[in-house]
Amino acid sequence: MRQELHRFFRAARGAGVRVSPAESIDAMRAVKDVGFSDRGILRDALLLTLAKSEDEKQALAFDEIAASDDGMSYDEWEARRAVKTAAMLKLTRFIAAESGGAHPSPGETQTGGASAPSPELGELTQMLMARDRNAIAAALANAANAASLSDIRYFTQRGIFSTRILEALGIARLRDDLDALTASNPSEAERLTAATEALRENVRDTVNQALLLYGREEAENLRHEILRNAPLARLERRQVEQMKVLIRAIARRLRERYSKPRKRQRRGHLDTRKTLRVPFLTSWKRRHRDRPKIVALCDVSGSVAQVSDFFLLLIHSLHEVVDDVRSFAFSGHLIEVSDILDNKSPEEAMSEIMSKVGFGSSDYGGSFADFEKGFMASVTAKTTVIVLGDARTNNLDPRADILRRISERSKRLVWLNPEGRMAWGWGDSEMPRYAAFCSVVRQCATAKQLERAVTDIVAAYQ
């Protein structure tokens, strides 16, 4: 069962459950303690050791992980060699139709009442001709194991694994038997042909089900990697919601990484000099770590509004890490949006922000002047100021002098530009002039670049 549990953990990860190595070890220990005799207790043990939220409990309800379109339960998935697995349904229907729909009683052999085939035929041919459901189910399960079906990752591998399973079943001998029957007994050959087609379809169903179970995690990782490198400003409508989910996942990782207090950080490092001076009193060196205070200025004009949307969503998901976040949005003028982001859902917040200040023509100089007039006091020597924008001023006064004063008051001034570096300084871009007063200037056009930039900002305070 160790191998089966590893397959289950992989399927759980594909269903969206975060299963760490430590959690998988805990689950295996729990399974060892409760045993396999009571499947209800086994199910509860897996839920208790793996599920960390209601969403994960729903994902681990086994209908998501184990069930097929035909309603296969966890018990059937666990006993995957049994006759009632979803992979055997179509072949079972074919056998039932051949035998007139008769279903044997529990004490009878499930062969459909067919006459015994010739012993000269191959094993697979004999099972198909005898309509032995149990034997076919067991042979298919053994062939799937022999073909390492649980290693399937991508939909392009379906044909390879189907071929491997059929070869393990003995499809070559089956073809020879079919050729021999075609010459000697056409009616039996026709029946074997139909059974072979049903078997092939059943193998395809088995492979598709395995892909759903074991390939989902890899497919999600591939999809996320593609999405992480997609330009935020050019996402299709269907990708926007996917990107929001990805941004929330990035924020969760940052929270988990930087908000958990570490014992070593709390007590500091051993002070050898003081400890030797008083041997029975251990002394520790402690270094004060500032928790970040962030002021974010986001351009929400038409050209960069979507990028700012994701950036604000990420920044305001980090409250467990960041003590004080104040966010401002601007296009033609600047307003504070901290309360809007704190008190409303992301969708409602972005809608309200865009209705108030979004999609206008950029006026960096006027917006910097608004900030200096009303909010400059929020910038202290402990503040990291982040500006997200393309620095395109529509040929208006850029007011770089205000940015210089902001830089002088703050701990760091970071500029994240969603445009490519080749465009900086061309046309109405004032990026080179602004860059002179920034501690860090980075291109930030994708979720991957955005994550790296925010990670570096937060990590600087750890």
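What counts as what
- Residues numbered from 1 in each chain as written.
- Predicted model: local features only at pLDDT ≥ 70, side-chain atom pairs only at ≥ 80, totals over all residues.
- Heavy atoms only, no water.
- Patch = residues over 30% accessible without salt bridge, like charges linked within 9 Å, V, L, I, M, F, W, Y side chains within 5 Å.
- Areas by Shrake-Rupley, 256 points an atom, 1.4 Å probe, with all protein chains shown as cover.
- Salt bridge = Lys/Arg side-chain N within 4 Å of Asp/Glu carboxyl O.
- Helix = DSSP H or I, 4+ residues; strand = E, 2+ residues; numbered from the N terminus.
- pLDDT = per-residue confidence, 0-100.
- Contact = heavy atoms within 4.5 Å.
- Expected span 1.5 Å × (residues − 1).
- Buried < 20%, exposed > 50% of the residue type's maximum accessible area, 1.4 Å probe, protein only.
- Arc of directions from axis to C-beta.
- Polar contact = N/O pair within 3.5 Å; in protein donor to acceptor, adjacent residues only side chain to side chain.
- Pairing = 2+ DSSP bridges.
- Phe/Tyr/Trp six-rings, centres within 6.5 Å; stacked < 30°, edge-to-face > 60°.
- Core = buried A, V, L, I, M, F, W, Y, C linked by side-chain atoms within 4.5 Å.
- Axes fitted to C-alpha atoms, helices over the stretch in contact; angles between N-to-C directions.

Visitor: Hey, could you run me through a nonpolar patch on the surface in this one?
Guide: A contiguous nonpolar patch, built from Y154, L222 and I226 and spanning about 290 Å² of accessible area, is present on the exposed surface. Relative to the helices and strands, Y154 resides in the loop between α8 (133-146) and α9 (158-169).

Visitor: How do you make sense of the confidence of the model for the chain when you look at a structure like this?
Guide: Across the chain, the average pLDDT comes to 78, with 77% of residues at or above 70. Per-element mean pLDDT across the chain ranges from 42 in helix α5 (residues 74-78) up to 96 in helix α20 (residues 400-409). Per-residue pLDDT stays below 50 along residues 63-113; that stretch engages in 112 contacts with residues further than four places along the chain or on separate chains. When the criterion is pLDDT under 50, residues 262-266 qualifies, and its contacts beyond four places in sequence or with other chains add up to 4 contacts.

Visitor: Explanation requested: helix α3 (residues 39-50) in the structure shown.
Guide: For an α-helix, 3.6 residues make a turn, and residues three or four places apart therefore share a direction. Here α3 is 12 residues long and its end C-alpha atoms lie 16 Å apart, about the 16 Å a rise of 1.5 Å per residue gives. All of the buried residues along α3 are L42, A45, L46 and L50. Viewed end-on, α3 has its buried residues packed into an arc of 105°, placing them on one side of the element. The backbone nitrogen of G40 has a side-chain oxygen 3.0 Å away, supplied by the residue at the start of α3, namely D38.

Visitor: Help me understand the pairing of strand β6 (residues 383-388), please; the structure alone is not making it clear to me.
Guide: The side chains of a regular strand alternate between the sheet's two faces. Judged by how many residues are buried, β6 sits mostly within the fold: 6 of 6 residues are covered. The alternating pattern of β6 places T383, V385 and V387 on one face and T384, I386 and L388 on the opposite face, and all of these are buried. Both strand β3 (residues 293-299) and β6 contribute to a ladder of 6 bridges, which runs parallel. Bridging from a neighbouring strand, I294 pairs with T384 of β6. In terms of strand pairing, β6 meets strand β7 (residues 412-417) through 5 bridges, oriented parallel. Counterpart to V385 in the pairing with β7 is L413.

Visitor: Help me out: how do you make sense of unusual backbone geometry in this one?
Guide: With the exception of glycine, most residues fall at negative phi, and the peptide bonds are largely trans. Positive phi, normally seen in glycine, also occurs at R131, with a value near 55°. Checked against the element boundaries, R131 lands in the loop between α7 (123-130) and α8. For R131, a relative accessible area of 7% corresponds to the buried category. The phi angle at N395 is positive, at roughly 65°, despite the residue not being glycine. Take N395: it is sitting in the loop between β6 and α20.

Visitor: Teacher, can you tell me more about the packing of aromatic side chains here?
Guide: One pair of aromatic rings is described through two measures. These are the centre distance and the angle between the planes. Scanning the model with the defined rule gives 11 aromatic pairs in all. A centroid spacing of 6.0 Å and a plane angle of 70° characterise the contact between Y364 and F368, whose relative ring orientation is edge-to-face. Of this pair, Y364 and F368 are both found in helix α19 (residues 364-375), 4 residues apart, which corresponds to roughly one turn of the helix. Overall, the relative accessible area of 0% leaves Y364 in the buried class. Taken together, a centroid distance of 5.7 Å and an interplanar angle of 80° make the contact between F368 and Y434 edge-to-face. With F368 in helix α19 and Y434 in helix α21 (residues 431-435), the pair connects residues that are 66 residues apart, well separated along the chain. As far as the burial class goes, F368 and Y434 line up, both buried. Three or more aromatic residues joined by ring pairs make a cluster, and in this case those are F330, Y364, F368, W415 and Y434.

Visitor: Just to check I follow, could you spell out helix α2 (residues 21-34) for this structure?
Guide: Helix length check: α2, at 14 residues, gives a terminal C-alpha distance of 20 Å against a target of 20 Å (1.5 Å per residue), a fit within 8%. Buried within α2 are the following residues: E23, S24, A27, M28, A30 and V31. Each buried residue of α2 lies within a common arc of 160° when the element is viewed along its axis, so the set occupies one face. The exposed set on the far side of α2, more than 90 degrees from its buried face, consists of P21, R29, K32 and D33.

Visitor: Would you explain the nonpolar core in this entry?
Guide: Soluble globular proteins tend to bury their nonpolar side chains together. Counting residues in hydrophobic clusters, the biggest one holds 44 residues, and the most contacted among them are M243, I247, F311, I353 and L450. Per-element tally for this core: the top contributor is helix α16 (residues 305-315), with 8 residues. Leave out the neighbours within four places in its chain, and I353 touches L312, A329, V337, I340, L341 and G358. Counting residues in hydrophobic clusters, the runner-up holds 30 residues, among them I136, A143, F161 and V207.

Visitor: Would you mind showing me how to read the sheet that holds strand β5 (residues 334-336) here?
Guide: Think of a sheet as strands paired side by side through backbone hydrogen bonds, with each pair either parallel or antiparallel. Pairing is mixed in the open sheet, where 6 strands are placed in the order β5-β4-β3-β6-β7-β8. Where the open sheet ends on each side, the last strands, each with one partner, are β5 and β8 (440-443). Taken over all neighbouring pairs, the strand axes of this sheet differ in orientation by 20° on average, direction set aside.

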